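Results of the structural survey
Each chain is listed here by its residues.
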Amino acid sequence: MQTFLEIFSHLPTLMTRRLILRPARMSDAEDMYEYSRDPLVARHVLWDAHTSIHQTRGYLRFLIRQYRTGAPSTFVIVLKETGKVIGTIGFMWIQQENRSAEVGYSLSRRYWNQGYMSEALRAIVDFGFTKLSLNRIEAQHECDNPASGHVMRNAGMLHEGALRQRLYNKGRYVDVELYAIVRSDFEGGPK
């Protein structure tokens, strides 16, 4: 079995019906900047809206370094039909001893409410259980972003509760909703 280091240092390409999830490349800068400069896209994530393409290129360099070191990392979400990068999704952290991980994502506002992120998250959940042999995958969203909870439920995650003032984001402490899916949920066995 491959280690996390081996898998993340050679991140595979995942395909869904409408999407390609693949490692980021420097050539993705224009597409990524297009949506990452949108304050509404950045509103509920832990990064600020990009103010220049140089900032986006810096983020891409960071992702590429993550791949080189084999650290848990991020896929870009590419629309199959056009080849355009419309978002990112990936692992925020992995605890090897507990076989657990957290997933985070962002998506261009132009593609909200069309099922793209649910499709991408289902692919990442499948990857986490089948390729990484995880036992638990969790995700969280700010309480005032219920659309993200809908994405998590669509991917088979169950709501586990609210965590008060869990994160400090954009100058304020925010409450988050925690969702998770465990291997037995994924395999359809008893919960």
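Summary of the structure given here. Since the model is a prediction, treat every value here as computed from it, not as a measurement.

**Points about the pairing of strand β4 (residues 85–95)**
- Of all 11 residues in β4, 8 are buried; the element is thus mostly enclosed.
- Summarising the sheet, strand β3 (residues 74–79) and β4 pair through 5 bridges and their orientation is antiparallel. Bridging from a neighbouring strand, Thr74 pairs with Gly90 of β4.
- Strand direction decides the pairing type here: β4 and strand β5 (residues 100–107), joined by 8 bridges, are antiparallel. Each bridged residue has a counterpart across the sheet, and for Trp93 the counterpart in β5 is Glu102.

**Some points on the packing of aromatic side chains**
- Enumeration according to the criterion identifies 7 aromatic pairs in this entry.
- Note on Tyr111 and Tyr116: the rings are 5.9 Å apart at their centroids and 80° apart in plane angle, and the pair reads as edge-to-face.
- Ring pairs connect the aromatic residues Phe8, Phe75, Phe91 and Phe127, which therefore count as one cluster.
- The ring of Tyr116 carries Arg18 above its face, with NZ or CZ at 4.0 Å from the centroid.

**Some words on the nonpolar core**
- By size, the foremost hydrophobic cluster in this structure holds 52 residues, and its most contacted members are Leu21, Ile89, Phe91, Leu121, Leu132 and Leu134.
- Sort the elements by how many residues they give to this core and helix α5 (residues 116–130) lands first, with 9 residues.
- Ignoring sequence-local partners within four residues, the contact set of Leu21 consists of Pro12, Thr13, Leu14, Phe75, Val76, Ile89, Ala120, Ala123 and Ile124.

The rules behind these values
- Residues numbered from 1 in each chain as written.
- Predicted model: local features only at pLDDT ≥ 70, side-chain atom pairs only at ≥ 80, totals over all residues.
- Heavy atoms only, no water.
- Buried < 20%, exposed > 50% of the residue type's maximum accessible area, 1.4 Å probe, protein only.
- Helix = DSSP H or I, 4+ residues; strand = E, 2+ residues; numbered from the N terminus.
- Pairing = 2+ DSSP bridges.
- Phe/Tyr/Trp six-rings, centres within 6.5 Å; stacked < 30°, edge-to-face > 60°.
- Lys NZ or Arg CZ within 6 Å of the ring centre and 35° of its normal.
- Core = buried A, V, L, I, M, F, W, Y, C linked by side-chain atoms within 4.5 Å.
- Contact = heavy atoms within 4.5 Å.

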